[in-house]
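Structure at a glance
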Amino acid sequence: MAHALFVASFSLLLTKLSTGQREVTVQKGPLYRAEGYPVSIGCNVTGHQGPSEQHFQWSVYLPTAPDREIQIISTKDAAFSYAVYAQRVQSRDIYLHRAQGNSVFLHISKLQTKDTGEYECHTLNTDEKYYGSYSAKTNLTVIPDTLSATMQCQTVNKQEGEPLELTCEASKATAHHTHLSVTWYLMQPGESGQPTAIISLSKDFMLTPGPSYTERFAAGDVRLDKLGVTTFRLSIGRLQPSDQGQLFCEAAEWIQDPDETWISITKKQTDQTTLRVQPAVRDLQVRITDESTSAEGKPLELVCLVTGSGQDPQLQVDWLLSGNEIAHFDAGGVLDLKKDYKNRASQGQLQFSKLSPTAFSLKIFSTGPEDEGAYSCAVTEAVRTPRGSWQVLQRKLSPVSQVHLKEPAARSVVVSSQQQAVWEGQPLTLLCQAGGTESPLSVSWWRTLQDQATPVLVAGIGQDGTVQLGASTGGNTRLDKVNWATFRLEITSTTVTESGVYECRVSEGTRKQAGQLHWAHNISVTVKSLKSSLQVSLMSRQPKVKLTDTFDLSCIVGDTYSGLALPFTVTWQFQPAKSPVFHQLLQITHNGTIQWGDFLPQFPKKTKVSQSSYRSQLLIHDSTMEETGMYQCKVEVYDGNSLHTNNPARASATSHPLKISVTLPESKLCVNASSQVQEISINSNTVIECSILSQHTRNLQLAIAWYFAPISTHTSWLKILEMDQTNVVKYGAEFRTPQRKQKFHIAKVSQNLFRLHILSVEDSDQGEYYCAVEEWLLTTNDTWQKLGGKKSGQTKLQLKPTGSKVRISRVYRTENATEHGNVDIHCSLEGSGAPTSLYSVTWFWRREDGRLHMLAHLQHNGLLEFGDEGRRRHLQCYRSSPTDFVLKLHRVEKEDAGMYWCSVAEWQLQGHPSKWVNQASDESQSMVLTVLSAEPTFQARICSSAPLLYFLVVCPIVLSGLLLILLLCLYQKARKLSRWSLSAQKERALWVGMKQGGGGTPGRREDEEADECS
């Protein structure tokens, strides 16, 4: 304990140290400790660098040599100790205990007188440089042990309830200021370990009882008195059997260190006194007060009474039924029940209680057949030992008390309900009324389904009001007791599966009593399905609506739901014309919240939603083409229970799809279609009007386009310019040059009148003009829809005669050209023309597929322009004479076939200042060009024919092979003839030799010669 106090004080010291430079601190001295007892001195370092775990070395400077350092122990070097301390270090009489990485304690287990001295704690340097303190010192003085504690060793025999007094002598002779503490202990027989504290006088002169003697100390039964300077007396007024054992006292001497901490420096125990306590003898009497008979379902109470016990008895009680233990009370009043009775007690059916120290009660609130039998109680008297165990003194069993139950009288039962048919989700209330005399009743409700014969428990209520729900009963079922005879079953939110026959069973016993007598009555209940009765229809007064008009949609729930105040949610869905799926437009929840979908972004801005009882309506303004498609509505019906528990809808149904067609409004555009002719002077300005006679009453926008057809049989209508519905002007492909844009421009005079201005009219501007007008409608989603279009009448623009006219030779001709060859196309004027005139020529080409191309334009000032720069290297345009123009085509291809013609314009200087003006123009007759394939050469024909090429290559090889085979055959034939001739010569030579030798007859030789000749 003294060491713990020192550690706490030293830890407090550590918290006060600041960080910074290295600082070593030890416990403040001087310290005084008694010889033969331990000491602990702490050392701490702060503000250091390097590792968190520092090393420490302890040394001592003895009074006999105060300047001589004697090394004791080190955390780093095991050989650090001098010989005088080495043995004590090895035997762990002196050792170091590391509290943290930067703090240690020096422990000396048994102090000696020679240990007095100045102790130094030194830390090894781990810093980059020396900065701060690296050691600290404190003084330790070892004083003699002068404490003395004595008590007479004796054996004391006492009776329970008698008093006891024991005295202890404790003294000290220390020269320093110290305090004394005294504690009395009890060591019970047969026990080892720590003794039990009875009472103590602390160093601060405070009396403190032990945990087992707190109540007796408060009652004045246990005391500790100081008699004089050294005598301490223990007094126990009334002994108990638990006080038996070995008693002794312990004295401790305390000294206060400089840090104001009190430390125990010595401790002594006296000899032990043996105390024997004889328990008092008592004869207990146990009996049960009971009611021998009780009606089933009625309450029953049995009381176990104990007499003949002493004052404040410690009793243990066991309740027995037919010899079997059902409950147990220990001496501390703790109740232990057997399993069945524990369940019944938890349900409030019975109660065991301790009415007084000698009275114990068993109360059954509603008796049943299982409660019949022979009841008895067994009482055990015991005393508690100081260690907490119980010592049995005696045990007594009460006489048997027999309990019988009476049969209940018959009762009438009636089940009623305000309505026997309810809608799914609506509440259902059933009342069960019992007749007869008033008494506690148990009621259970049972349901039999239409296709089943076995009833199922719905709910039950006991005599004590405890409600039990059936295994298949949901949380929306409630059962309560209106009065003693009326019981109400309420299903707050019904389902279809809860249809059937409901039976109420009334009994005077508990619900769990098997085979109990009961009375019953039933009623049939039908729960109508919401889903099978839910019908939804969708209608509209305008299934066909004009663009930007308003249309409505009405979602109506069928009449079968009339009168039902059930919340419902409506979901509107839309399927576009070319989509296979429906998309959610909006959802109107049961509480009126509208959740818009994101399929048609503009839909929420122009839709009015209204909803009443079983009817939801949409009013859609400014309809667009995107809203053409199929619409349907889905209705989900809830009940109150579903809304509060976030359960799914009770029923849902979807209407039939309804097609809404959004069409364009009819165009009412009418444009002035009368034709007219304008004849103006060359180089003057003119205006052509486009007049709108009628149009739609809506605020529609018009798009105007002007077209021009020059006086030519070869040129189709050309777009001059157009002004679209947003008033943006765009020029046609042939009128995008700066000169053309400056010549033609449009002006909007009013909503019904547009004009085309033509400046400095030239000969090339002669032709037919007309305007095309279109009506456009801007929808709410910022898209343009074209309603219709009309064309005006044609205005013919021609120049007044000027006396000058260009004539081109109009000779229709055809020309065939060979592929990859050159072609010259001529354009000649009839006559020499005016000497003051210049001429420009434009060459045109219409391909065989009908496409028209401007090939080249040779201006009157000699500048040459090409219509397609890609064809520039294949074309050459020049004037061969003052009245002849030539277009030369280089290396014609098959695709160059078609019709070619030229247009020649005459230019003269006019006006002040002078300006070249187009006086007249004319076009030539078309020349039809046919491009023939080039005649192939002999080598090309051979290379182009694969069979012929193969023949010419393979045939010589085959012929050479056949000739070689023939030569080989002739060679072999010649060799055979030569061998045969040589053989014949040898044979003749043989026959000649035989003839010369005379070996044959004349006749035979003649025959052989004849054969040979032959």
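Residues numbered from 1 in each chain as written. Predicted model: local features only at pLDDT ≥ 70, side-chain atom pairs only at ≥ 80, totals over all residues. Heavy atoms only, no water.

The next point concerns the overall build of the protein chain. Each helix and strand in the protein chain was counted, giving 11 helices and 73 strands. Counting all 1014 residues of the protein chain, 43% fall into the buried class. Partitioning the intrachain contacts of the protein chain with sequence separation of at least 6 by distance along the chain shows that 61% fall at a separation of at least 24. As displayed, the protein chain has an accessible area near 53,800 Å², and 51% of this comes from carbon and sulfur atoms. (Helix = DSSP H or I, 4+ residues; strand = E, 2+ residues; numbered from the N terminus. Buried < 20%, exposed > 50% of the residue type's maximum accessible area, 1.4 Å probe, protein only. Contact = heavy atoms within 4.5 Å. Areas by Shrake-Rupley, 256 points an atom, 1.4 Å probe, with all protein chains shown as cover.)

Where two cysteines share a covalent bond between their sulfur atoms, that bond is called a disulfide. Following the criterion strictly, the structure yields seven disulfides and no others. One disulfide in the model links Cys168 with Cys249; its S-S distance is 1.9 Å. One end of the pair, Cys168, is in strand E12 (residues 164-171); the other, Cys249, is in strand E18 (residues 245-256), and 81 residues separate them in sequence. Since its relative accessible area comes to 0%, Cys168 is described here as buried. (Disulfide = S-S within 2.5 Å.)

Next up on the list: the pairing of strand E51 (residues 651-654). Only one face of E51 is buried, namely the one carrying Ala651 and Ala653, since none of Ser652 and Thr654 on the opposite face is buried. Summarising the sheet, strand E50 (residues 629-637) and E51 pair through four bridges and their orientation is antiparallel. Directly across from Val637, in E51, lies its bridge partner Ala651. (Pairing = 2+ DSSP bridges.)

The subject of this paragraph is a nonpolar patch on the surface. On the surface, Tyr950, Phe951, Leu952, Val953, Val954, Ile957, Val958, Leu959, Leu962 and Ile965 cluster together into a nonpolar patch covering about 1,000 Å² of accessible area. Here Leu959 shows up in helix H10 (residues 946-997). (Patch = residues over 30% accessible without salt bridge, like charges linked within 9 Å, V, L, I, M, F, W, Y side chains within 5 Å. Salt bridge = Lys/Arg side-chain N within 4 Å of Asp/Glu carboxyl O.)

Here the focus is the nonpolar core. One finds Leu553 and Trp572 to be the most contacted residues of the largest nonpolar core, which totals 36 residues. Ignoring anything within four residues of it in the chain, the contact list for Leu553 reads Leu538, Met539, Ser540, Trp572, Ser616, Gln617, Leu618, Ile620, Tyr631, Leu658 and Ile660. (Core = buried A, V, L, I, M, F, W, Y, C linked by side-chain atoms within 4.5 Å.)

Another aspect to go through is the sheet that holds strand E49 (residues 615-620). What links the strands of a sheet is backbone hydrogen bonding, and the strands pair in either a parallel or an antiparallel sense. Pairing is antiparallel across the open sheet formed by four strands, whose spatial order is E42-E44-E49-E48. The open sheet is flanked by strand E42 (536-539) and strand E48 (607-612), the only strands paired with a single partner. The mean angle between the axes of side-by-side strands here comes to 10°, regardless of whether they run parallel or antiparallel. Where E42 and strand E44 (residues 551-557) come together, four bridges link them in antiparallel fashion. Counted as the bridge partner of Leu538 is Cys555 from E44. (Axes fitted to C-alpha atoms, helices over the stretch in contact; angles between N-to-C directions.)

The omega angle of the peptide bond from Gly29 to Pro30 is 0°, so this bond is cis rather than trans. Turning to its location among the elements, Pro30 is positioned in the loop between strand E1 (23-26) and strand E2 (31-34). Backbone geometry at Arg891 places phi at a positive 45°, although glycine is not the residue there. By relative accessible area, Arg891 is classed as partly exposed at 49%.

A word on the pattern of salt bridges. Per the counting criterion, the structure on display carries 24 salt bridges. For Lys268, the salt bridge is made with Asp145, and the minimal N-O distance between the two is 3.3 Å. With Lys268 in strand E19 (residues 262-269) and Asp145 in the loop between strand E9 (135-143) and strand E10 (148-150), this residue pair connects regions lying 123 residues apart in the sequence. Given a relative accessible area of 26%, Lys268 falls into the partly exposed group. Overall, the relative accessible area of 29% leaves Asp145 in the partly exposed class.

Across the sheet, four strands lie side by side as E53-E55-E60-E59; this open sheet has antiparallel pairing. The sheet terminates laterally at strand E53 (670-671) and strand E59 (744-750), the two strands that pair on one side only. In this structure, E59 lies alongside strand E60 (residues 753-758), joined through six bridges in antiparallel fashion. What sits directly across from Ile746, in E60, is Leu756.

To continue, consider the packing of aromatic side chains. In the structure shown here, the tally under the stated rule is 12 aromatic pairs. With a centroid separation of 5.2 Å and 15° between ring planes, the pair formed by Tyr707 and Tyr770 is classed as stacked. Of the two residues, Tyr707 sits in strand E56 (residues 701-710) while Tyr770 sits in strand E61 (residues 767-778), which places them 63 residues apart along the sequence. The same class applies to Tyr707 and to Tyr770, which are both buried. Their ring planes at 85° and their centres at 5.4 Å tell us that Phe735 and Phe744 sit as a pair that is edge-to-face. Comparing Phe735 with Phe744 shows no difference in burial state: the two are buried. Each member of the aromatic cluster is reached from another via a ring pair, and the members are Phe551, Phe574, Phe599 and Tyr631. Its guanidinium or amino end placed over the ring of Tyr61, Lys137 lies 4.4 Å from that ring's centre, counting from NZ or CZ. (Phe/Tyr/Trp six-rings, centres within 6.5 Å; stacked < 30°, edge-to-face > 60°. Lys NZ or Arg CZ within 6 Å of the ring centre and 35° of its normal.)

What follows deals with the side chain of Thr548. Structurally, Thr548 is set in the loop between strand E43 (544-546) and E44. Among the residues examined, Thr548 registers a relative accessible area of 14% and is labelled buried.

The subject of this paragraph is a positive patch on the surface. A cluster of like positive charges, contributed by Lys973, Arg975, Lys976 and Arg979, occupies part of the molecular surface. Note that Lys976 resides in helix H10. Accessibility expressed as a relative area gives 53% for Lys976, which makes it exposed. (Lys, Arg positive; Asp, Glu negative; His and termini not counted. Charge placed at Lys NZ, Arg CZ, Asp CG, Glu CD.)

As for its placement among the helices and strands, Ser171 is situated in strand E12. Taking the C-alpha atoms as reference points, Ser171 and Thr230, separated by 59 residues in sequence, lie 5.5 Å from one another. Each residue touching Ser171, except ones within four places of it in the same chain, is listed here: Thr146, Leu147, Ser148, Leu180 and Thr230.

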